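# Structural characterization, general
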Protein chains: 2
Amino acid sequence: MIDPRLLQELVAFAKTGTLSQTAEELHLTQPTVTRGMQKLEQELGVALFNRTGNNKISLNTTGQLAAKEASRLLDMEDELTEKVRNFAESQTRFLVGSDAPGPLLLSERIENKLPVKVKLDQNLLAEDELLPAVESYRYQLVFSSHEYQTDLCESRYIGYEQLFLMCDKNSDLAKKGSVTFQELAGVSFLVLQGIGPWKQIKESAIPNAHFLYQDDLSSLTELTKYSQLPVFRSNLSFPSHPENDDRVPVRIDDPKNRLDFYAIYRKDQKKMVMPLLELLSKNWPEDFPY
Amino acid sequence: MIDPRLLQELVAFAKTGTLSQTAEELHLTQPTVTRGMQKLEQELGVALFNRTGNNKISLNTTGQLAAKEASRLLDMEDELTEKVRNFAESQTRFLVGSDAPGPLLLSERIENKLPVKVKLDQNLLAEDELLPAVESYRYQLVFSSHEYQTDLCESRYIGYEQLFLMCDKNSDLAKKGSVTFQELAGVSFLVLQGIGPWKQIKESAIPNAHFLYQDDLSSLTELTKYSQLPVFRSNLSFPSHPENDDRVPVRIDDPKNRLDFYAIYRKDQKKMVMPLLELLSKNWPEDFPY
DNA sequence: TCCCATTACGGGTCACGTAACAATC
DNA sequence: GATTGTTACGTGACCCGTAATGGGA
């Protein structure tokens, strides 16, 4: 039963290198830290410091190990409190995240059919945030373009997204009816920011393309009206009321034009998320909605 | 920064189910536990208990999660202290374990060639104790008949052990010069206890055999003198001074007659163990020392 | 002279145990 | 009446900060 404050002091010392700076960082006085480290050594029954000379101390190898382990333990403790708090909250809310906007758009459209209120976090999650976000109960569910299987979490395939283009009806593209990414080489597009993995796919698959990124949907739709540049849509992202502009949909037939999505959730929250997943599967739009 | 005592109380409550039993288990008074759990709830900002009625409380789902996580955290803390203590000790001693006696016997024979003093633990370790024993710095090195690769530890192949038999020179076995396990069906043997994986190998490979297990080496050698029963030896286990009895070695030619050994050690203690490993490799006896 | 680590000392906090209370079986 | 959980109250331990000491650059 070690007082975690002592461990904090140790970790801070490992970072700063002197007791006084440690004290300052933790808003304590030097004597407190001195006593703290003495007590820690006493409780562990082990020397952690080289007390060379008379007013200089440093960690010995045992101390370095202890500091590293202490740091891990403190992290674990933070995780514990966060987990518990998130779990308690999860009794009343249902937070959904994603690494791409598509699945969120579909969820938005069907959430009113669910008995529980879900909250969709429109801020996309990065690849490496997905698992921690779910494991810590911060999110009850995240959508990902990758599959994960861990002790705590499982993935379930929910469907795929495919792009198509909305092009001016008089453009060359419109007349083709269907294109590959290669055939789009050099073209300029209007594109939304925050499209997750699609950004990388478009940029690498279409040679020499120019992407005019727009921050929000409203400025994109605005620009769409007054420009002839083609704009991307997908089976998950098309206006519910058809736009009355002079544009026609053009298929993109390309093996790279596909993102498979998985729902990731904690196994112990499976019951909570299944209704939403089934609703998603049931309402998943087909490739090309026109 | 949660007081670990509160976590202990929570864990104990999860086990006992009542606050009073919790208090008893931890040698505290009930009011202390009551206040402790109230404080824990307050610090986490979360309800952990169903305070139904008036004198009965139980964990709610959040509390159950918290208790589980707290238990894990406390285990981690125990591990930390043990690791640090073991590590500190490992500065002065070099403890070696094994899941089979063979490598220990060889180590015994060569340990005087090492500059450092090694301590060989003759109590064999079970399969599932090996990794924890090394990861916690309790042992600096263990020998295992299985390979392991983890974040912290690595395995290094050091050699193999092979059995042969010492048989009465007038016996049928002695005349054959070489046998398979199958051919030993129904035979009775004198066998030492504490031979690790070999026990399982012998018992499953030799049909209808009878094994007369002896606890210690002295009673085995004693019995060996006065009986004609065959006894097992190996390239790692044969007397340094030849026994002057009426026995001759008999090979066992059988694919199952082989145990590969690996040395397992923490990567951060590699420097410490390498001299011993190299010495072992250099002095590893060949299959059949006669 | 400044910085660092350690020891001495006094005070305030806080967590504990005892005691008392309420409720349920 | 026995057991269980909670509240009230006083005390003592302990930990902190201030102050003082000693050794180095």
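Residues numbered from 1 in each chain as written. Chains lettered and ligands numbered in written order. Predicted model: local features only at pLDDT ≥ 70, side-chain atom pairs only at ≥ 80, totals over all residues. Heavy atoms only, no water.

## A look at the overall build of chain A
Per the secondary structure count, chain A includes ten helices and 13 strands. Taken against the 2.2 N^0.38 rule, which gives 19 Å for 290 residues, the C-alpha radius of gyration of chain A at 27 Å runs more than 25% over that of a compact globule. Based on the C-alpha atoms only, the size of chain A along its principal axes is roughly 85 × 45 × 30 Å. When the 290 residues of chain A are sorted by exposure, 48% land in the buried category. Partitioning the intrachain contacts of chain A with sequence separation of at least 6 by distance along the chain shows that 69% fall at a separation of at least 24. (Helix = DSSP H or I, 4+ residues; strand = E, 2+ residues; numbered from the N terminus. Rg over C-alpha atoms; globule rule 2.2 N^0.38 Å. Buried < 20%, exposed > 50% of the residue type's maximum accessible area, 1.4 Å probe, protein only. Contact = heavy atoms within 4.5 Å.)

## Let's talk about the protein's contact with DNA strand C
Of all residues adjacent to DNA strand C, which total 18 residues, the nearest are Leu19(A), Arg51(A), Thr29(B), Thr32(B) and Asn55(B). The sugar-phosphate backbone supplies 67% of the atoms of DNA strand C found within 4 Å of the protein. In this structure, a base oxygen belonging to DNA strand C sits 3.4 Å away from a side-chain N or O atom of Asn55(A). The side chain of Asn55(B) places a nitrogen or oxygen atom 2.9 Å from a base nitrogen of DNA strand C. (Near = heavy atom within 4 Å. Polar contact = N/O pair within 3.5 Å; in protein donor to acceptor, adjacent residues only side chain to side chain.)

## A short note on the relation of the copies chain B and chain A
For the match of chain B to chain A, the screw axis carries a shift of 0.1 Å, the RMSD comes to 0.2 Å, and the turn is 180 degrees. The superposition of one copy onto the other is thereby described by a two-fold rotation axis. Interface overlap between copies: 100% of the residues of chain B at the interface are likewise at the interface in chain A, consistent with a symmetric, same-surface contact. (Least-squares fit on C-alpha atoms with pLDDT ≥ 70 in both.)

## Some remarks on the interface of chain B and chain A
Quoted interface sizes are often the accessible area lost when the parts come together. Facing 29 residues of chain B, the contacting portion of chain A comprises 29 residues. In total, about 2900 Å² of surface goes out of reach between chain B and chain A, with carbon and sulfur atoms giving 71% of it. Of all residues in chain B, the largest losses of buried area upon contact with chain A belong to Met1(B), Leu80(B) and Val84(B), amounting jointly to 22% of the total for that side. The interface formed by chain B and chain A contains two salt bridges. Two residues, Glu69(B) and Lys83(A), come together in a salt bridge whose shortest N-O distance is 3.3 Å. Scanning the region where chain B abuts chain A turns up ten residue pairs in polar contact (both at pLDDT 80 or more). Those elements that provide at least two residues to the side of chain B that touches chain A are α1 (4–16), α3 (30–44) and α4 (61–90) of chain B. When residues in the side of chain B that touches chain A are grouped by element, the largest group, 18 residues, is from α4(B). (Buried area = accessible area lost by both parts, 1.4 Å probe. Salt bridge = Lys/Arg side-chain N within 4 Å of Asp/Glu carboxyl O.)

## Structural notes on the packing of aromatic side chains
Following the criterion strictly, the structure yields twelve aromatic pairs over all chains and no others. Taking the centre distance of 6.1 Å and the plane angle of 35 degrees together, the rings of Phe211(A) and Tyr213(A) count as tilted. Arranged with centres 4.9 Å apart and planes meeting at 85 degrees, the rings of Phe87(B) and Tyr137(B) form a pair that is edge-to-face. Of this pair, Phe87(B) sits in helix α4 while Tyr137(B) sits in the loop between α6 (130–135) and β5 (141–144), and the two are 50 residues apart along the sequence. Residue Phe87(B) is classed as buried on the basis of its relative accessible area of 11%. (Phe/Tyr/Trp six-rings, centres within 6.5 Å; stacked < 30°, edge-to-face > 60°.)

## Some remarks on the pairing of strand β10 (residues 210–214) of chain A
Residue and element names in this part refer to chain A. Across five bridges, the pairing between strand β9 (residues 188–192) and β10 is parallel. Counterpart to Val191 in the pairing with β10 is Tyr213. With helix α8 (residues 197–205) bridging β9 and the parallel β10, this β-α-β connection has right-handed handedness. (Pairing = 2+ DSSP bridges. Right-handed = clockwise from strand over helix to strand, strands pointing away.)

## Observations concerning the protein's contact with DNA strand D
Among the 18 residues in the neighbourhood of DNA strand D, the closest are listed as Thr32(A), Lys39(A), Asn55(A), Leu19(B) and Arg51(B). Of all DNA strand D atoms lying within 4 Å of any protein atom, the proportion belonging to sugar or phosphate reaches 70%. Between Arg51(B) and DNA strand D, the recorded distance is 2.7 Å, taken from a side-chain N or O atom to a phosphate oxygen. Residue composition of the surface near DNA strand D, by class: four nonpolar, ten polar and four charged. (Nonpolar A, V, L, I, M, F, W, Y, C, P; charged D, E, K, R; others polar.)

## Considerations on unusual backbone geometry
Even without glycine at this site, Tyr137(A) takes up a positive phi of about 65 degrees. In this structure, His27(B) is a non-glycine residue whose phi angle is positive, near 60 degrees. With respect to the helices, strands and loops of the structure, His27(B) is situated in the loop between α2 (19–25) and α3.

Scope: geometric values only; no functional claims are made or implied.
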